[in-house]
Amino acid sequence: MTNNALIGEARSAGRGSLDELNGKRLLTQFGVAVPKSVVVQAGESLTPKLAGLEGPYVVKVMSQDILHKSDVGGVRVRMKDAAEVEAAISDMLARPEIAKARLDGFLVEEMAPAGQELVIGALRDPQFGPLVMVGLGGIFVEVLKDVAFRICPIERIDAVEMLDELKGKALLDGARGQAGVSREAIIETLLKIGSEQGLLMSLSEDIAEADINPLIVSQHGAVAVDARFILTAQGAQA
Ligand code: ADP
Ligand code: MG
């Protein structure tokens, strides 16, 4: 039996994973920053709902049928007001992949401060237990496989070394006229995920795979703007 209510609810609902909203709630429980957000439904009056959020906004489709939201036109960034958010939702509803999906609504969130996109991942090795992974976003992970892995639990020195192993690490220090980003913020995030007290060790029976993609890191901090957790089958029976 899981000791985490979010995971318990997902399992009771027969879901094998946490969706983006609940994944971000789980990250918040472990101190990882996520964008402030609200869930809205198509046709709902948006101005009051957006009152507590600072623009510009990001709009994302929420559906268990859609894994890669951008691939189906389900992510719009830099929407400046409620009218633009509303138009973005209408556009999304007109797309065939979105029209036919089971929709939970739309997530409207604040834009993270601009920065470097990283990926933090996790998977469970049958022998060694949870592994944590970090890489630079986009082609660095997908094409160049420029990633560093460690067996959990990790300590600060491991997180520092993981960043040093990345071939593209110069991007963290600033390249092509861009400011460097906070390595400390990345290290802290890796520890919140992979340390002895971190998410993976605390929930090692429950999490089969995790994917924060991307973590947007600026000079001042790191924000997880997309997250997905796949639950173990084993815990489902417990
Ligand atoms: P998916 O991976 O399902 O296509 P994401 O939630 O990762 O969707 O969004 C796609 C991209 O949009 C991200 O990689 C990031 O560049 C950008 N993005 C998403 N949410 C935010 C946000 N809150 N602030 C800034 N950029 C964002
Ligand atoms: Mg993503």
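Above this text you will find the structure in question.
Just so it is clear, the structure is predicted and the values come from calculations on it, not from any experiment.

Caption draft 1: A look at the coordination of the magnesium ion (ligand 2). Surrounding the magnesium ion (ligand 2) are the protein donor atoms Asn213 (O) and Asp226 (OD), at 2.2 Å. Taken together, the positions of Asn213 in strand S9 (residues 207–217) and Asp226 in the loop between strand S10 (222–224) and strand S11 (227–231) put the pair 13 residues apart, joining distant regions of the chain. What makes Asn213 partly exposed here is its relative accessible area of 28%.

Caption draft 2: Structural context of the nonpolar core. Of all hydrophobic cores here, the largest spans 44 residues; its most connected members are Leu199 and Ile207. The leading source of residues in this core is helix H8 (residues 183–194), at six residues. Beyond its immediate stretch of four places on either side in the chain, Leu199 contacts Leu26, Leu27, Phe30, Lys192, Ile193, Ile207 and Phe229. Among the nonpolar cores identified, the runner-up in size contains 19 residues, and Leu46, Val85, Ile89 and Ile98 belong to it.

Caption draft 3: Quick look at the site of ligand 1. Around ligand 1, 18 residues are found, and the nearest of them are Lys60, Lys69, Ser70, Ala112 and Glu117. Contact distances for ligand 1 include 2.9 Å between a nitrogen atom and a side-chain N or O atom of Glu109. Measuring from an oxygen atom of ligand 1, one finds a backbone N or O atom of Asn213 at 3.3 Å. When the free accessible area of ligand 1 is taken as 540 Å², the share hidden by the protein chains comes to 83%. Breaking the shell around ligand 1 down by element, the ones donating at least two residues are strand S3 (57–63), strand S5 (103–110) and S9. Counting only domains with at least three residues in the shell around ligand 1, you end up with domain 1 (5–33 + 114–237) and domain 2 (37–110).

Caption draft 4: Expanded view of unusual backbone geometry. Here the residue pair Gly55 and Pro56 is connected by a cis peptide bond, since its omega of -5° sits within 30 degrees of zero. Following the sequence through the fold, Pro56 ends up in the loop between helix H3 (46–50) and S3. Following Asn213, the chain continues into Pro214 via a peptide bond in cis, with omega recorded as 10°. Although it is not a glycine, Arg78 adopts a positive phi angle of roughly 60°. Relative to the assigned elements, Arg78 resides in strand S4 (residues 75–79).

Caption draft 5: Main features of the pairing of strand S6 (residues 116–125). Here S6 runs beside S9; their pairing, made up of seven bridges, is antiparallel. Looking at the pairing, Leu123 lines up with Glu209 of S9. Both S6 and strand S7 (residues 129–136) contribute to a ladder of eight bridges, which runs antiparallel. Its bridge partner being in S7, Gly121 is matched across the sheet by Met133. The hairpin formed by S6 and S7 contains three residues between the paired strands.

Caption draft 6: Representation of the environment of Ala185 in the model. One can find Ala185 in helix H8. For Ala185, a relative accessible area of 12% corresponds to the buried category. Residues Ala185 and Asp125, spaced 60 residues apart in sequence, show a C-alpha to C-alpha distance of 27 Å. In contact with Ala185, other than residues within four places in its own chain, are Val217, Gly221 and Ala222.

Caption draft 7: Region of the structure containing a nonpolar patch on the surface. Judged by side-chain polarity, Ile139, Val143 and Leu144 come together as a nonpolar surface patch covering roughly 300 Å² of accessible area. Secondary-structure assignment places Leu144 in the loop between helix H6 (139–142) and strand S8 (147–151).

Caption draft 8: How the structure looks around the pattern of salt bridges. This model, assessed by the stated rule, comprises 19 salt bridges. With its nearest N and O atoms 3.0 Å apart, the salt bridge here joins Glu109 to Lys60. Of this pair, Glu109 sits in strand S5 while Lys60 sits in strand S3; the two residues are 49 residues apart in sequence, bridging distant segments of the chain. Lys80 is the partner of Glu84 in a salt bridge, and the nearest nitrogen-oxygen pair spans 2.7 Å. Glu84 gets classed as partly exposed once you look at its relative accessible area, which sits at 25%. Looking at Lys80, the relative accessible area reads 58%, which means it is exposed. Here the salt bridges do not stand alone but share partners, grouping Glu20, Lys24, Lys60, Lys69, Glu109 and Asp226 into one network.

Rules used in this analysis
Residue positions are given per chain, counting from 1 as you read along its sequence in written order. The order in which chains are written sets their letters, starting at A; the order in which ligands are written sets their numbers, starting at 1. Owing to the predicted nature of the model, reporting of local features is limited to residues with pLDDT of at least 70; listing and counting of side-chain atom pairs is limited to 80 or more, with chain, interface and lining totals taken over all residues. Hydrogens and water are ignored here; the side-chain numbers use all heavy atoms of the structure. Any N, O or S atom lying within 2.8 Å of the metal counts as a donor, and for Na, K and Ca the limit rises to 3.2 Å; water is left out, so some sites can look incomplete. Only runs of H or I of at least four residues qualify as helices and only runs of E of at least two qualify as strands under DSSP, and these elements are numbered from the N terminus. Only protein chains enter the area calculation, which uses a 1.4 Å probe; residues under 20% of their type maximum are buried, those over 50% are exposed, and those in between are partly exposed. Here, the term nonpolar core denotes a set of buried Ala, Val, Leu, Ile, Met, Phe, Trp, Tyr and Cys residues that are joined through side-chain atoms within 4.5 Å. Note on contacts: a residue pair qualifies if any of its non-hydrogen atoms lie within 4.5 Å across the two residues. Each residue is tested against the molecule or strand, and it is near if at least one of its non-hydrogen atoms lies within 4 Å. A 3.5 Å cut-off defines polar contacts: any pair of N or O atoms within that distance qualifies, except that in protein one atom must be a possible hydrogen donor and the other a possible acceptor, and neighbouring residues in sequence count only when both atoms are side-chain atoms. In these tables, accessible area is a Shrake-Rupley quantity obtained with a 1.4 Å probe, and a residue counts as shielded only by the protein chains included in the view. Throughout, the edges of the domains are those of an automatic or database domain assignment. Only when DSSP finds a minimum of two bridges between them are two strands counted as paired. Like charges within 9 Å and nonpolar side chains (Val, Leu, Ile, Met, Phe, Trp, Tyr) within 5 Å are joined into patches, using only residues over 30% in relative accessible area that form no salt bridge. Whenever Lys or Arg places a side-chain nitrogen within 4 Å of a carboxyl oxygen from Asp or Glu, that contact is recorded as a salt bridge.

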